[in-house]
Amino acid sequence: MKEKDGTIDCPQQQVILFVEKEDGKYEPIQTGSYITKNFLDDYELKRRHLEESLKKQVLSGEVSPIYYYMILEDLTLSELSARAGIRKGKVKKHLEAAHFSDIPQETLQLYADVFNITVPDMLKILVVTSADSTNLNTGS
Amino acid sequence: MSTIPYKHKMAAHCESGAVTSLLNNAGLDISEPLVFGISSGIFFGYFHKMKSFAFPTFIVRNKPGSIRTNLAKRLGIKFHTEKFRNPDEGMKRLDELLEKNIPVAVQVDFFYMDYLPEWERVHINVHFIVVVGKTGPKYIVSDSYFPNLVELESSSLRKARFAGGSMSPQGFLFYPEYIPKEIDYKKAILKGTKKACFFMLKIPIPFVGIKGIRMFAKKIVEWPSFARDTEHLSHEIMKINILLEDQGTGGAGFRFMYATFLQQASVILGKPEWSELSKEMMEIGDGWREISLFAARIGKNRELGPERLKELGTMLNGRADVEERFFRRLRNSI
């Protein structure tokens, strides 16, 4: 790759790229991320849609907030279980809305640590806003 | 405690970057591409179904940790390493080393590096940073992926060093404790290259090396069956670009950095044919870059039908063919 083809203006995310300089030498340059420069808006759109769809599932009682954050943070059941130090079978239960209220405070804290949020923040998604009420209108 | 004088430099990759920067700061003049090449960093592995990954994925570098171990073995450098069961002990030990003015590399879960933008941060337990000081509750960190030295909350560093899950860091830390005065780079380069050729051509594992690229090419058409919906598939397809370009590779899935290694090695070894091979590797990298751009484009446009995925598969098979020829020639030139 020639230096001129690798130079991308994206101050939000800088990366190191190895390129061919004019004298033929290969050297690192500090440049911008191609995908962040061109497609960050698309990432944010998809993220918003995912959050909305998961929140809808939480509010309609299909899944628990633990499931919400597990999917958002791209974790598998085994990975979450290993990271939180909670048996897989228990985590599986905790992903269901029906068992969420039985989770002790200390266990919630273990999950919150993995998700890097506070327990109150984790519970915030259970609060229905007016926007959610519109989204939750299933026509019944 | 204050900051240890430390020359921070961005690098292509976190592990080769941390190792290079520690060695540079300890007085050894070695480039990141040489570290990467000598430690047989170039690689390919495809993982279709694994418990720890929520979606099929691939890697373009060797096993985490082996850049340090291979380099140490081949150059005669000794790194002091430690792991901890107890987080308090692990944090205390780090502080003690910093008190002694020793910059220390630590293994962390990338997710807790809160100085990086949210869209970059994923749970991956094999990120490496160098800690160079502490001011109050914050550590001063040299991260290859960030332009300057940066502060990280003590609580975030603790969570990151003691995250559980696959390849959990267990507080792992290292720093160089012995660097030989005389180093035989020639022998180390040849050994590292030989091993890289073995991994790319000969290793009898169906998802590693050239075989791994071919498996990826074949299996990519199955990706829609793992996706929740089109947007999820689009996200995963666009991640091909991120894994090849943004997640610390120096571009084109490490192929540009490997080309640079070969160019530098051709001078050290006095092998002009390696200069030709380095040009070839740069062109191979251009092909990987096309794959990255193609993946980003079809993901963004939601053109994710079987035809497009087959096209992506054909492009990947093209890389497998050229890399197979390339690594055979490289192997024969040793």
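The rules behind each value
- Sequence order as written defines the numbering, with residues in each chain counted from 1.
- The order in which chains are written sets their letters, starting at A; the order in which ligands are written sets their numbers, starting at 1.
- Only residues with pLDDT of 70 or above have their local features reported here, since the model is predicted, and side-chain atom pairs are shown and tallied only from 80 upward, although totals for entire chains, interfaces and linings are computed over all residues.
- Secondary structure is summarised from DSSP: a helix means a run of H or I of at least four residues, a strand means a run of E of at least two, and numbering begins at the N terminus for each.
- Values of the radius of gyration come from C-alpha atoms, whereas the globule rule sets the reference at 2.2 Å times the count of residues to the power 0.38.
- Labels follow a simple rule on C-beta atoms placed from the backbone: if 20 or more others lie within 10 Å of a residue's own, it is buried; if 12 or fewer, it is exposed; otherwise it is partly exposed.
- Contact between two residues is assigned whenever their backbone-derived C-beta positions fall within 7 Å.
- As annotated, the domain borders come from an automatic or database domain assignment.
- Charged means Asp, Glu, Lys or Arg here, nonpolar means Ala, Val, Leu, Ile, Met, Phe, Trp, Tyr, Cys or Pro, and polar covers whatever is left, Gly included.
- Each pair of strands is called paired provided DSSP finds at least two bridges between the two strands.
- Only the stretch in contact is used when fitting a helix axis, every axis being a line fitted to C-alpha atoms; angles between N-to-C directions are given from 0 to 180 degrees.
- By definition in this entry, angles of less than 35 degrees are roughly parallel, angles greater than 145 are roughly antiparallel, angles of 65 to 115 are roughly perpendicular, and the rest are oblique.
- Left-handed describes a crossing whose near helix is turned anticlockwise from the far helix by less than a right angle; the clockwise case is right-handed.
- The term nonpolar core refers to a set of buried Ala, Val, Leu, Ile, Met, Phe, Trp, Tyr and Cys residues connected through C-beta atoms within 7 Å.
- pLDDT runs from 0 to 100 and stands for how confident the predictor is about each residue.
- A helix's residues, less one, multiplied by 1.5 Å, set its expected span.

Caption draft 1: Structural detail: the overall build of chain B. Counting its regular elements, chain B contains 11 helices and 8 strands. What you see for chain B is a C-alpha radius of gyration of 20 Å, in line with the 20 Å of a compact globule of 334 residues. The C-alpha extent of chain B, read off along each of the three principal axes, is 60 × 50 × 30 Å. Here chain B, with 334 residues, has 48% of them falling under the buried criterion. Once local pairs closer than 6 in sequence are excluded, the contacts in chain B between residues at least 24 apart make up 70%.

Caption draft 2: Here's a closer look at the domain arrangement of chain A. In terms of domains, chain A is made up of domain 1 (3-32) and domain 2 (45-132). For domain 1 of chain A and domain 2 of chain A, the distance between their C-alpha centroids amounts to 40 Å.

Caption draft 3: The interface of chain A and chain B, seen in detail. On the side of chain B, 42 residues touch chain A, which itself brings 33 residues to the contact. Broken down by secondary-structure element, the contributors of at least two residues to the side of chain A that touches chain B are β1 (14-20), β2 (26-32), α2 (34-59) and α4 (77-84) of chain A. In terms of residues, the side of chain A that touches chain B owes the most to one element, α2 of chain A, which gives 8 residues. Looking at the side of chain A that touches chain B, its residues break down into 14 nonpolar, 11 polar and 8 charged.

Caption draft 4: The arrangement of the sheet that holds strand β8 (residues 173-178) of chain B in detail. All names here are of chain B. Ordered by their spatial adjacency, 6 strands build an open sheet running β3-β8-β4-β5-β6-β7, and the pairing between neighbours is antiparallel. In this open sheet, the two strands that pair with only one neighbour each are β3 (78-82) and β7 (150-153). Each strand of the sheet is rotated relative to its neighbour by a mean of 40°, with strand direction disregarded. Here β3 pairs with β8 via 5 bridges, running antiparallel. Along β8, the bridge assignment pairs Thr81 with Phe174. Against the sheet, helix α5 (residues 154-161) makes contact with β4 (104-108), β6 (138-142) and β7, and its axis sits at roughly 75° relative to β7, the strand it touches most.

Caption draft 5: Fine view of the packing of helix α6 (residues 185-202) of chain B against helix α9 (residues 255-269) of chain B. Residues and elements named next belong to chain B. Contact pair α6 / α9: the axes reach a minimum separation of 10 Å and the direction vectors enclose 135°. Put simply, α6 runs oblique to α9. Note on packing geometry: the crossing formed by α6 with α9 is left-handed. Residues Tyr185, Lys186 and Ile189 of α6 form the contact with α9, whose participating residues are Ala265, Ile268 and Leu269. Considered class by class, the residues forming the contact of α6 with α9 number 5 nonpolar, no polar and 1 charged.

Caption draft 6: Fine view of the pairing of β4 of chain B. Residues and elements named next belong to chain B. Judged by how many residues are buried, β4 sits mostly within the fold: 5 of 5 residues are covered. Neither face of β4 is exposed, since Val104, Val106 and Val108 on one face and Ala105 and Gln107 on the opposite face are all buried. Of the pairings in the sheet, the one linking β4 to β8 comprises 2 bridges and is antiparallel in character. Within β8, the residue paired with Val106 across the bridge is Leu173.

Caption draft 7: Seen up close, the nonpolar core. Counting 99 residues, the largest nonpolar core has Ala105, Val106 and Val131 of chain B as the members making the most contacts within it. With 9 residues, helix α10 (residues 272-300) of chain B is the largest single contributor of residues to this core. Counting 15 residues, the second-largest nonpolar core is a separate cluster that includes Ile66, Tyr67, Ala112 and Phe115 of chain A.

Caption draft 8: Focus on unusual backbone geometry. Residues and elements named next belong to chain B. For Met167, which is not a glycine, the phi torsion comes out positive at approximately 55°. The residue Met167 is located in the loop between α5 and β8 in this model. Assessed through the 15 C-beta atoms surrounding it within 10 Å, Met167 is described here as partly exposed. A positive phi angle, near 55°, is found at Ala252, a position not held by glycine.

Caption draft 9: Focus on α4 of chain A. All names here are of chain A. Counting buried positions along α4 gives 6 out of 8 residues, so the element sits mostly inside the fold. Buried residues along α4 sit against α3 (65-72), α5 (88-94) and α7 (105-115). Looking one or two residues past α4, Gly85 carries a phi angle of roughly 70°, positive in sign.

Caption draft 10: Region of the structure containing the domain arrangement of chain B. All names here are of chain B. Here chain B is described as being made up of domain 1 (14-178) and domain 2 (222-332). Its C-alpha centre places domain 1 at a distance of 25 Å from the equivalent point of domain 2. Listed by contribution, the elements that provide at least two residues to the side of domain 1 that touches domain 2 are α2 (32-38) and β2 (57-61). The leading source of residues in the side of domain 1 that touches domain 2 is α2, at 4 residues. Among the residues making up the side of domain 1 that touches domain 2, the classes are represented as 10 nonpolar, 4 polar and 1 charged.

Caption draft 11: Fine view of the confidence of the model for chain B. In the predicted model, chain B carries a mean pLDDT of 96, and the fraction of residues at 70 or more is 99%. For this predicted complex, the interface confidence reaches an ipTM of 0.95, while the overall pTM sits at 0.94.

Caption draft 12: Representation of the environment of Ile38 of chain B. Residues and elements named next belong to chain B. Tracing the chain through its elements places Ile38 in helix α2. When the C-alpha positions of Ile38 and Ala160 are compared, they lie 29 Å apart, and in sequence the two are 122 residues distant. In this structure Ile38 touches Leu71, Arg74, Leu75, Ala188, Ile189 and Gly192, once residues within four positions along its chain are discounted.

Caption draft 13: Geometry of helix α11 (residues 306-332) of chain B. If you check α11 of chain B, its first and last C-alpha atoms are 39 Å apart, about what 27 residues at 1.5 Å a residue would give, namely 39 Å. Residues of α11 of chain B that are buried make contact with α6, α7 (209-219) and α10 of chain B.

Caption draft 14: Representation of the packing of helix α3 (residues 66-75) of chain B against α6 of chain B. All names here are of chain B. Where α3 meets α6, the axes come as close as 9 Å, and the angle between the chain directions of the two elements is 140°. Viewed along their axes, α3 and α6 adopt a mutual orientation that is oblique. Of the two possible hands of crossing, α3 and α6 adopt the one that is right-handed. Residue-level inspection shows Asn70, Arg74 and Leu75 of α3 in contact with α6, the latter providing Ala188, Lys191 and Gly192. Among the residues making up the contact of α3 with α6, the classes are represented as 2 nonpolar, 2 polar and 2 charged.

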